[in-house]
Amino acid sequence: MIYWDQEKECMPIEQLRELQLRRLKETVYRVYAFVPAYQKKMDAAGIKPDDIKTLDDLKKLPFTTKQDLRDNYPFGLFAVPMSEVVRIHSSSGTTGKPTVVGYTKKDIDIWAELMARALVSAGATRHSVIQNAYGYGLFTGGLGVHYGAERIGASVIPSSGGNTKRQIMLMQDFGTTILTCTPSYALFMYEVMQEMGVDPADLKLKAGIFGAEPWSENMRREIENNLKIDAYDIYGLSEIIGPGVAVECKYKNGLHIAEDHFIAEIIDPETGEVLPEGEQGELVITAITKEALPIIRYRTRDLTTLDRTPCPCGRTHVRMQKVLGRSDDMVIIRGVNVFPSMVESVLLNIPGVEPHYLLVVDRKGNLDELEVQVEVSEKVFSDEVRKLEELGAHIRRELESALGVSVKVRLVEPKSIERSEGKAKRVIDKRKF
Ligand code: DLL
């Protein structure tokens, strides 16, 4: 099975554009009629639903941000009465109130379809045994993947995050063929396998569908080599629907965005201008089929590029490049933008370095300092001090040339950086603003 829904996934572009326009118009009418906050914003911008005549008119509409969701906490942006809402999820922000999202029966149905597409795109079939180690609960990862896996008729193991030894036992005993979790958790599982003396080659595992946090191409290689699997990237966010907004196909050359349900734009994060195709900027998504929480021009804060060149898989939906990072995770060191994924790419090219790292930012006097803590392998760690010093200096030079800022490198003991069973924490910013 190559596609879950070939008609939609390979829809000719003209037809896709017509469908998007029709759905966009309906959505704009609906939010204007049923969500006072949207009506207010559109009135302030002098836009009426009738002004949306072409897809290009989308850019006339105001953006929606996380702050809008917070200002309307908890249910103020819902476009249906609560009696229609069958599920509520929420994503915990680092500050303030969490973001709350709601789903009608139809929303859940569409989400399951999108997740079914995503799993099939990564090679899943009804014969797959899918171990779903994304957290179940308010986080959308667990239930989102779960419904999609059931939709295609695969056997789901709802293992949720945590209890890593048990995860590995389940893999062995139940013959897991596909693992779904964050990429950082997949790496941690590999470490625990090593401790338990389990050889991944003896497992039935064939593929992993990893997302919910940025991960570099080098990290993909690391995971694929360690676990002896194909690793696919899956993207999504609660505000839009959850996982399943975009996913890689077997060519792993960008993630196809489900364009029959979402319209993607790339904007300049500073000015808000829509950027020409192919330029890197902030991804903005409009959800055009959601009932409970339709969302217009949501600023994701995720930086990426869109690619409309044809994909050999036959899907016509636009591809987004792997996300470089969230603008919130970006640290500005003396004016230079640094993303954890850039550091990760450099580190994983250096032998003896483990894929576990942390960026610690501090301010000494008036000067920002970036310290990169890097774990080294057991073997390297027991080397003579001189060799360790040489390695540290080498890492520093590589990082400085890639990032363009001076960096302090601290080599730390194997297994000393905290492991994650969900989204990994890569940055500690000690500066006071
Ligand atoms: O992380 C939904 C999800 C669950 C996606 C499982 C994939 C798999 P939130 O908790 O709302 O939702 O966080 C959304 O996570 O804006 C990105 O910054 C980041 N993110 C999600 N997927 C990727 C990815 C889920 N594949 C935020 N690559 C998004 C990079 C990702 N970042």
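Residues numbered from 1 in each chain as written. Predicted model: local features only at pLDDT ≥ 70, side-chain atom pairs only at ≥ 80, totals over all residues. Heavy atoms only, no water.

Novice: Tell me about the overall build of the protein chain, and please be specific about residues and values.
Specialist: Scanning the protein chain from terminus to terminus reveals twelve helices and 21 strands. On C-alpha atoms alone, the protein chain measures out to a radius of gyration of 22 Å, which is about the 22 Å that the 2.2 N^0.38 rule sets for 433 residues. C-alpha atoms of the protein chain, sized along the principal axes, occupy 70 × 55 × 40 Å. Classification of the 433 residues of the protein chain by burial places 55% in the buried group. (Helix = DSSP H or I, 4+ residues; strand = E, 2+ residues; numbered from the N terminus. Rg over C-alpha atoms; globule rule 2.2 N^0.38 Å. Buried < 20%, exposed > 50% of the residue type's maximum accessible area, 1.4 Å probe, protein only.)

Novice: Summarise the nonpolar core; cite the residues concerned and give the values.
Specialist: When a protein is soluble and globular, its nonpolar side chains tend to lie buried together. If you look at the biggest cluster of nonpolar residues, it comprises 70 residues, and the most contacted ones within it are Leu119, Tyr235, Ile257, Phe262 and Met320. Considering every element that reaches this core, the biggest residue donor is helix H5 (residues 105-121), with nine residues. With residues near it in sequence (within four places) discarded, leucine 119 still touches Ala124, Ile130, Val145, Gly148, Ala149, Ile152, Thr180 and Ile209. (Core = buried A, V, L, I, M, F, W, Y, C linked by side-chain atoms within 4.5 Å. Contact = heavy atoms within 4.5 Å.)

Novice: Can you break down the sheet that holds strand E7 (residues 230-237) residue by residue, with the values?
Specialist: The sheet built from nine strands is open, its strands ordered E4-E3-E5-E6-E7-E8-E9-E14-E13 with mixed pairing. Here the strands that pair on one side only, and so sit at the sheet edges, are strand E4 (155-157) and strand E13 (306-307). The sheet contact formed by E7 and strand E8 (residues 242-248) spans four bridges and is antiparallel. Each bridged residue has a counterpart across the sheet, and for isoleucine 234 the counterpart in E8 is valine 247. Most of the contacts of H5 go to E8, to which it runs at about 30°, and overall it touches strand E3 (129-132), strand E5 (178-181), strand E6 (207-211), E7 and E8. (Pairing = 2+ DSSP bridges. Axes fitted to C-alpha atoms, helices over the stretch in contact; angles between N-to-C directions.)

Novice: Hey, could you go over the site of the ligand for me, with residue numbers and the actual values?
Specialist: Surveying the vicinity of the ligand reveals 21 residues, the closest of which are Asp233, Ile234, Ser238, Asp302 and Lys423. With respect to the ligand, the side chain of serine 238 contributes an N or O atom lying 2.4 Å from an oxygen atom. Burial of the ligand by the protein amounts to 95% of the accessible area it has alone, namely 600 Å². Looking at the shell around the ligand, the elements that each hand over two or more residues are helix H6 (140-152) and E7. No other element matches E7, which puts five residues into the shell around the ligand. Of the residues assigned to the shell around the ligand, the class counts are nine nonpolar, six polar and six charged. (Near = heavy atom within 4 Å. Polar contact = N/O pair within 3.5 Å; in protein donor to acceptor, adjacent residues only side chain to side chain. Areas by Shrake-Rupley, 256 points an atom, 1.4 Å probe, with all protein chains shown as cover. Nonpolar A, V, L, I, M, F, W, Y, C, P; charged D, E, K, R; others polar.)

Novice: Explain the sheet that holds strand E11 (residues 281-287) to me, using residue names and the numbers behind them.
Specialist: Spatial ordering of the open sheet is given by E10-E11-E12-E15, a layout of four strands whose pairing is antiparallel. On the outer flanks of this sheet lie strand E10 (262-267) and strand E15 (325-326), each paired with one strand and no other. Both E11 and strand E12 (residues 295-304) contribute to a ladder of five bridges, which runs antiparallel. Note that in E12 the partner of isoleucine 285 across the bridge is tyrosine 298.

Novice: Go over the pairing of E7, please, and point to the residues and values.
Specialist: With six of eight residues buried, E7 is to be regarded as a mostly interior element. Sheet topology note: the E6/E7 ladder contains five bridges and is parallel. Note that in E7 the partner of glycine 208 across the bridge is alanine 231. Regarding the hand of the β-α-β motif, the stretch spanning E6, helix H9 (residues 217-227) and E7 is right-handed. (Right-handed = clockwise from strand over helix to strand, strands pointing away.)

Novice: Give me the lowdown on the pattern of salt bridges, citing residues and values where you can.
Specialist: Counted according to the given criterion, the structure contains 37 salt bridges. Salt-bridge contacts for arginine 419 lead to glutamate 191; the nearest nitrogen and oxygen are separated by 2.7 Å. Of the two residues, arginine 419 sits in the loop between strand E20 (408-412) and strand E21 (427-429) while glutamate 191 sits in helix H8 (residues 183-196), which places them 228 residues apart along the sequence. Glutamate 195 is paired through a salt bridge with lysine 415; the nearest N and O atoms lie 3.4 Å apart. Residue glutamate 195 is found in helix H8, and its partner lysine 415 is found in the loop between E20 and E21; the two are separated by 220 residues along the sequence. For lysine 415, a relative accessible area of 45% translates into the label partly exposed. Residues joined in a network through salt bridges with shared partners are Arg17, Glu259, Glu277 and Arg308. (Salt bridge = Lys/Arg side-chain N within 4 Å of Asp/Glu carboxyl O.)

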